[in-house]
Amino acid sequence: MGQRTTEPPISWLMHAALSRPKLISLAAGFTDNASLPVAEARTALNQVLRSPKTGQPALQYGITAGDTTLRQLTAEHLRKLDLGGTPCRRPKNQGRRHAVPPEIYSPERLLIASGSQQLLYMTTEALCDEDDIVLVEDPTYFVYLSILQSRGLRARAVRLERDGLDLAHLEKVLTSLKRRGELPRVKMLYLVSYFQNPTGVTTSFEKKRGILRLLKKFERAAGHPIYLLEDAAYRELCFCPEMKGRDALPRVQAGQQIGPVIAREKSALMVRGAADRVIYAGTFTKPFATGARVGYGVLPEPVFTAVKHIKGNHDFGTANLLQQLFVRALASGIYGRHVARLEKRYAHKARVMKLAIKKHFPRVVEWWEPEGGLYFWARLPRGLQSGVKSKVFSAALKNDVLYVPGEICYADDATRRKPNHEMRISFGNASEKDIREGIKRLGKVLGRFL
Ligand SMILES: Cc1ncc(COP(=O)(O)O)c(C=O)c1O
């Protein structure tokens, strides 16, 4: 495995950013520095460390599945996100009857992880043997593709539309795998369901239902369950304009028309009768502090037990001090208030980037405006490449601006040609000034080629 594993793109992207002091990185998936909750975290940690009685357990090893109170609070948090009907705000209708059995949000099914990244890794490790197949969106989160590469797994790419996975294409892919006798190798579908990394696309609930229906349909031929791994890392970084009473802004410029973007979607856990096939990965890092690496998963049996055992081998429990930080932050309302503040912050930064793109990008460049998450997705005319080895990428580097080449977000899937004319541009970490300047530099580079 060590020999097979190549250097993940994230390593050299970070290296490039750090080794050139003048470089403006619009590549990093880092969150906004200025709004990191330093005072809030200090308050919460002071509460944890206020006395030996509260402090000592926090400075001791914990249990593999995670702190019991955090599991309860997290289960409740997730239940509110789903039943409140909006990923953005605390629900008003908490008492409403719901269609899903309450045990879906039971702390018993919830596992605390060292970032949702660990959960993605462990789940893949638990379900897949070498040479197995994972279905992924085309494009998808490139770090997940590195996991597949490293573990000797194959990816089959399913087309992505503006409201999520293309169901007709998913059926086609599954049918073709069945015809070739490869269905028994298919173990799961990985879906970044909210404000996707890299495109910003949110998968509609209807489509989640459709995905689960199709996976179920092909299970008999597969001979085993095919799981949906729902990665909801950006779910709480939501700044849907319509929720603020503003007119929805046009989301595609100079390109094809697209349907409405749906951002209030419930998780796949809510699809009736399908909870035993859904693995949900959530995180507290993006909405609070990426340095406090705590994520979580809701897993059905037997996956829950398998992943818990694997976690026992990885680290036998997520850092207890960080778990206690989130216990305090969630219970005191610090977390909720911070998420509400972030909404405004990212809405503002996204707007700064949008205005800069409008001003500086050539009109033939199509771009998607996000309603949450950290990324804009831009598409150059097909003839112009944006990949790692392209002239555009080296010209951008020479001009001290870095983006993520869309190319690296596409799985190695020989059934289609890998697109090489897109870019992921992040407004997460750069300051407003750097966003303006970075986009100006990028616009100048693009202008030279277009
Ligand atoms: C789509 C996606 N999933 C998961 C993660 C991992 O997040 P964390 O491990 O901080 O919870 C990231 C981080 O960038 C991401 O972009």
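Residues numbered from 1 in each chain as written. Predicted model: local features only at pLDDT ≥ 70, side-chain atom pairs only at ≥ 80, totals over all residues. Heavy atoms only, no water.

## Examining the pattern of salt bridges
Proximity of charged atoms lets side chains of opposite charge pair with each other.
Here's step 1: Across all of its chains, the model carries 30 salt bridges by this definition.
Here's step 2: Across the pair R185 and D132 runs a salt bridge whose closest N-O atoms are separated by 2.8 Å. Pair noted here: R185 is in the loop between α7 (167–179) and β6 (186–192) and D132 is in the loop between α5 (116–127) and β3 (133–138), with a separation of 53 residues, a long-range link.
Here's step 3: Overall, the relative accessible area of 28% leaves R185 in the partly exposed class.
Here's step 4: Judged by relative accessible area, D132 falls into the buried class, the value being 1%.
Here's step 5: Among the salt bridges present, the one from K187 reaches D132, with a minimum N-O distance of 2.5 Å. Pair noted here: K187 is in strand β6 and D132 is in the loop between α5 and β3, with a separation of 55 residues, a long-range link. Taken as a pair, K187 and D132 share a single burial class, namely buried.
Here's step 6: Here the residues in one salt-bridge network are D32, R345, K349 and E432, joined through shared partners. (Salt bridge = Lys/Arg side-chain N within 4 Å of Asp/Glu carboxyl O. Helix = DSSP H or I, 4+ residues; strand = E, 2+ residues; numbered from the N terminus. Buried < 20%, exposed > 50% of the residue type's maximum accessible area, 1.4 Å probe, protein only.)

## Overview of the site of the ligand
Here's step 1: By nearness alone, 13 residues border the ligand, and D231, Y234, T283, T285 and K286 come closest of all.
Here's step 2: In the environment of the ligand, an oxygen atom lies 2.8 Å from a nitrogen or oxygen atom belonging to the side chain of S116.
Here's step 3: Here an oxygen atom of the ligand sits 2.7 Å away from a polar atom, N or O, in the side chain of T285.
Here's step 4: In the complex, 94% of the free accessible area of the ligand, which totals 400 Å², lies under the protein chains.
Here's step 5: When atom positions are compared with the pocket grids, the ligand is found to occupy the largest pocket. (Near = heavy atom within 4 Å. Polar contact = N/O pair within 3.5 Å; in protein donor to acceptor, adjacent residues only side chain to side chain. Areas by Shrake-Rupley, 256 points an atom, 1.4 Å probe, with all protein chains shown as cover. 1 Å grid on protein atoms, 1.4 Å probe; cavity = no way out; pocket = protein on both sides within 12 Å on 5 of 7 lines; lining within 4 Å. Sits in = over half its atoms within 2 Å of the grid points.)

## Quick word on the environment of S431
Here's step 1: Relative to the helices and strands, S431 is located in the loop between β14 (422–426) and α14 (432–449).
Here's step 2: According to the relative accessible area criterion, S431 is partly exposed, its value standing at 33%.
Here's step 3: Each C-alpha atom, one on S431 and one on N33, is 8.4 Å from the other, the two residues being 398 residues apart in sequence.

## Description of a nonpolar patch on the surface
Here's step 1: Residues I10, M14 and F30 make up a contiguous nonpolar surface patch of roughly 240 Å² in combined accessible area.
Here's step 2: You can see F30 is positioned in the loop between β1 (24–25) and α2 (38–48). (Patch = residues over 30% accessible without salt bridge, like charges linked within 9 Å, V, L, I, M, F, W, Y side chains within 5 Å.)

## Considerations on the domain arrangement of the protein chain
Many analyses report the size of an interface as the accessible area lost when the parts associate.
Here's step 1: Partitioning the protein chain into structural domains gives domain 1 (9–37 + 339–449) and domain 2 (61–337).
Here's step 2: Every contact between the two is made by 44 residues of domain 1 and, on the other side, 48 residues of domain 2.
Here's step 3: Together, the buried faces of domain 1 and domain 2 total about 3,900 Å²; carbon and sulfur atoms form 58% of this surface.
Here's step 4: Here domain 1 and domain 2 share two salt bridges between them.
Here's step 5: Notably, a salt bridge pairs R156 with D413, separated by 3.2 Å at the nearest N-O pair.
Here's step 6: Looking at the side of domain 1 that touches domain 2, the elements that each hand over two or more residues are α1 (9–19), α12 (334–360), β10 (366–368) and β11 (375–379).
Here's step 7: Considered class by class, the residues forming the side of domain 1 that touches domain 2 number 25 nonpolar, five polar and 14 charged. (Domains from an automatic or database assignment. Contact = heavy atoms within 4.5 Å. Buried area = accessible area lost by both parts, 1.4 Å probe. Nonpolar A, V, L, I, M, F, W, Y, C, P; charged D, E, K, R; others polar.)

## Some remarks on the sheet that holds strand β4 (residues 154–161)
Here's step 1: Strand order in this open sheet of eight strands is β2-β9-β8-β7-β6-β3-β4-β5, and the pairing throughout is mixed. In this open sheet, the two edge strands, each paired with only one partner strand, are β2 (110–113) and β5 (164–165).
Here's step 2: Looking at chain direction, β2 and strand β9 (residues 295–298) are connected through four bridges and run antiparallel. The residue bridging L111 from the neighbouring strand is G297, located in β9. (Pairing = 2+ DSSP bridges.)

## Looking at the pairing of β9
Here's step 1: Residues G295 and G297 point to one face of β9 and Y296 and V298 to the other, with burial holding for every one of them.
Here's step 2: Both strand β8 (residues 278–283) and β9 contribute to a ladder of four bridges, which runs antiparallel. In the sheet register, A281 faces β9, and the bridge partner there is G297.

## Remarks on the packing of aromatic side chains
Here's step 1: Going through the model one piece at a time under the given rule, you end up with 13 aromatic pairs.
Here's step 2: Judged by centre distance (3.9 Å) and plane angle (20°), the ring pair of Y144 and Y190 falls under stacked. With Y144 in helix α6 (residues 142–150) and Y190 in strand β6, this pair connects stretches of sequence that are 46 residues apart. An identical accessibility class is assigned to Y144 and Y190; each is buried.
Here's step 3: Three or more aromatic residues link up through ring pairs in this structure, and these residues are F239, Y346, W367, F376 and F427.
Here's step 4: Across from the ring centre of Y227, 6.0 Å away, lies the NZ or CZ of R277, which sits over that ring. (Phe/Tyr/Trp six-rings, centres within 6.5 Å; stacked < 30°, edge-to-face > 60°. Lys NZ or Arg CZ within 6 Å of the ring centre and 35° of its normal.)

## Topic: unusual backbone geometry
Here's step 1: In this structure, P139 follows D138 across a cis peptide bond, with omega equal to 15°.
Here's step 2: Relative to the assigned elements, P139 resides in the loop between β3 and α6.
Here's step 3: The omega torsion of the bond from E301 to P302 falls at 5°, within 30 degrees of zero and hence cis.
Here's step 4: Within the secondary structure layout, P302 lies in the loop between β9 and α10 (303–314).
Here's step 5: Although it is not a glycine, D131 adopts a positive phi angle of roughly 80°.
Here's step 6: For D131, a relative accessible area of 37% corresponds to the partly exposed category.
Here's step 7: Positive phi, normally seen in glycine, also occurs at F195, with a value near 45°.
Here's step 8: Tracing the backbone shows F195 in the loop between β6 and α8 (205–217).

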